[in-house]
Amino acid sequence: MHIKSNLLNLGVVFATLLANSLISDSQVKGKIPLLPTQKSWIAVQSANIATLANGNYQFCSQPDPKDWRDGAGVCLNFSKVGNRLNGYYGYPHSDNFICIRGTVDNNLIAGEALAILWGVNQLKNTPESVFKWDLEQRLTLSQGHLISTANNGEDAVKRILYRHASLNLEGFYQYNRPRMTPPSQLCEWKAQK
């Protein structure tokens, strides 16, 4: 009986040491272990966006759903060249997005944003004071002004430029490749006046 008790205590100590070494190892490598019943490792959210190589990326507030959806939560689909970023931030499979461009410092993007609003989604007044654009409270906008209007009624399109935009992507998940529509197909910055 005494030997069984000692073996059980030794097993608990060994399991604790093993779990601690996995956690320490995962923190160094930027990964977290899954439950023992799962067979692989998952990358932890958020690489440092500023250190990414030039290229096209997609980051989302929720892990890759690994199904038909282009992303989960709210996402930023962007191209990065040096410390400059150009893309759009929004909710996959909706027309709720906003173009953003600026400079990157760690996981913070500072620059300007362009809202393209259609028919029923249009604001009655253009917000000039500071406000949070998204439910997650990640994108802060201010100094908005109407730069163009096209058509009337249901076909109306408004373009609002926000001179100050700040987007914090800390804790977002990097997807293995961009799956949302390319920013060049949605964000027409040249249409500004």
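Everything in this summary refers to the structure shown in the same document. What you see is a predicted model; the values in this text were computed from it and never measured.

Focus on the overall build of the chain
Point 1. Regarding its fold elements, the chain presents two helices and eleven strands.
Point 2. Taking all 193 residues of the chain together, 34% fall into the buried category.
Point 3. Contacts in the chain between residues far apart in sequence, at least 24 positions, make up 56% of those at least 6 positions apart.
Point 4. As displayed, the chain offers around 11,900 Å² of accessible surface, 55% of which is attributable to carbon and sulfur atoms.

Notes on the sheet that holds strand β6 (residues 97-105)
Point 1. With respect to topology, nine strands assemble into an open sheet ordered β8-β9-β10-β7-β6-β5-β4-β3-β11, the strand pairing being antiparallel. Of all the strands in the sheet, the pair left with one neighbour each is β8 (131-132) and β11 (173-174).
Point 2. In terms of strand pairing, strand β7 (residues 108-118) meets strand β10 (residues 157-168) through ten bridges, oriented antiparallel. Note that in β10 the partner of A110 across the bridge is S166.

Focus on the pattern of salt bridges
Point 1. Counting across every chain of the model gives five salt bridges.
Point 2. The partner of R179 in a salt bridge is D64, with the nearest N and O atoms 2.9 Å apart. You can see R179 sitting in the loop between β11 and α2 (183-186) and its partner D64 sitting in the loop between β3 (55-60) and β4 (75-81), a full 115 residues away along the chain.
Point 3. Owing to a relative accessible area of 17%, R179 belongs among the buried residues under this scheme.
Point 4. In this structure, E112 engages R101 in a salt bridge whose closest nitrogen and oxygen atoms are separated by 2.7 Å. Residue E112 is found in strand β7, and its partner R101 is found in strand β6; the two are separated by eleven residues along the sequence.

Let's talk about the pairing of β4
Point 1. Counting buried positions along β4 yields five of seven residues, so the element is predominantly enclosed.
Point 2. Bridge count between β3 and β4: six bridges; the pairing is antiparallel. Bridge pairing links F59 to L76 in β4.
Point 3. Bridging between β4 and strand β5 (residues 84-90) involves seven bridges; their strand directions are antiparallel. Note that in β5 the partner of N77 across the bridge is Y88.
Point 4. Taking the residues that link successive antiparallel strands as the turn, the β4-β5 hairpin has two residues, and the phi of G82 there is positive, at about 65°.

Observations concerning the nonpolar core
Point 1. L76, Y89, I98 and L139 are the most contacted members of the largest nonpolar core, which has 26 residues in total.
Point 2. Elements supplying a minimum of two residues to this core: β3, β4, β5, β6, β7, β9 (139-150) and β10.
Point 3. With near-sequence residues (within four places) excluded, L139 lies in contact with Y89, I98, I100, F131, K132, W133, D134, A165, S166 and L167.
Point 4. Membership of the second largest hydrophobic core comes to 16 residues, among which are A72, Y88, C99 and V157.

Some details on the packing of aromatic side chains
Point 1. Under the defined criterion, the tally for this structure stands at six aromatic pairs.
Point 2. When the ring of Y89 is compared with that of W133, the centres are 5.9 Å apart and the planes differ by 55°; the resulting orientation is tilted. Placement of Y89 in strand β5 and of W133 in the loop between β8 and β9 is noted, with a sequence separation of 44 residues between them.
Point 3. Clustering of aromatic rings is evident, with ring pairs tying together Y57, F59 and F78.

Some remarks on the side chain of R179
Point 1. A distance of 2.9 Å separates polar atoms of two side chains, one belonging to R179 and the other to D64.
Point 2. Sequence-distant contacts of R179, defined by excluding residues within four places in its chain, comprise Q58, D64, P65, R69, D70 and G71.

Here's the deal with the pairing of β9
Point 1. Where β8 and β9 come together, two bridges link them in antiparallel fashion. Note on β9: the bridge partner recorded for F131 is L141.
Point 2. The antiparallel hairpin formed by β8 and β9 contains six residues in its connecting segment, where Q137 sits at a positive phi of about 65°.

The rules behind the values
- Each chain has its residues counted from 1, running along the sequence as written.
- In keeping with the model being predicted, local features are shown solely for residues with a pLDDT of at least 70 and side-chain atom pairs are shown and tallied solely at 80 or more, while totals for entire chains, interfaces and linings include all residues.
- Note: side-chain values were computed over all heavy atoms of the structure, leaving out hydrogens and water.
- Helical segments are the DSSP runs of H or I of at least four residues, strand segments are the runs of E of at least two, and each set is numbered from the N terminus.
- When accessible area is computed with a 1.4 Å probe and restricted to protein chains, residues below 20% of their type maximum are described as buried, those above 50% as exposed, and intermediate ones as partly exposed.
- Any two residues whose heavy atoms approach within 4.5 Å are treated as being in contact.
- Note on areas: these come from Shrake-Rupley sampling with a 1.4 Å probe, and a residue is covered only by the protein chains present in the view.
- Only when DSSP finds a minimum of two bridges between them are two strands counted as paired.
- For salt bridges, the criterion is a side-chain nitrogen of Lys or Arg within 4 Å of an Asp or Glu carboxyl oxygen.
- By nonpolar core we mean a set of buried residues, namely Ala, Val, Leu, Ile, Met, Phe, Trp, Tyr and Cys, connected to one another through side-chain atoms within 4.5 Å.
- Ring pairs are drawn from Phe, Tyr and Trp, using the six-membered ring of Trp, whenever the two centres fall within 6.5 Å, and their geometry is named by plane angle: stacked under 30 degrees, edge-to-face over 60, tilted for the rest.
- Each polar contact in these results corresponds to two N or O atoms within 3.5 Å; when the atoms are within protein, one needs to be able to donate a hydrogen and the other to accept it, and residues that are neighboring in sequence are counted only if both atoms are side-chain atoms.

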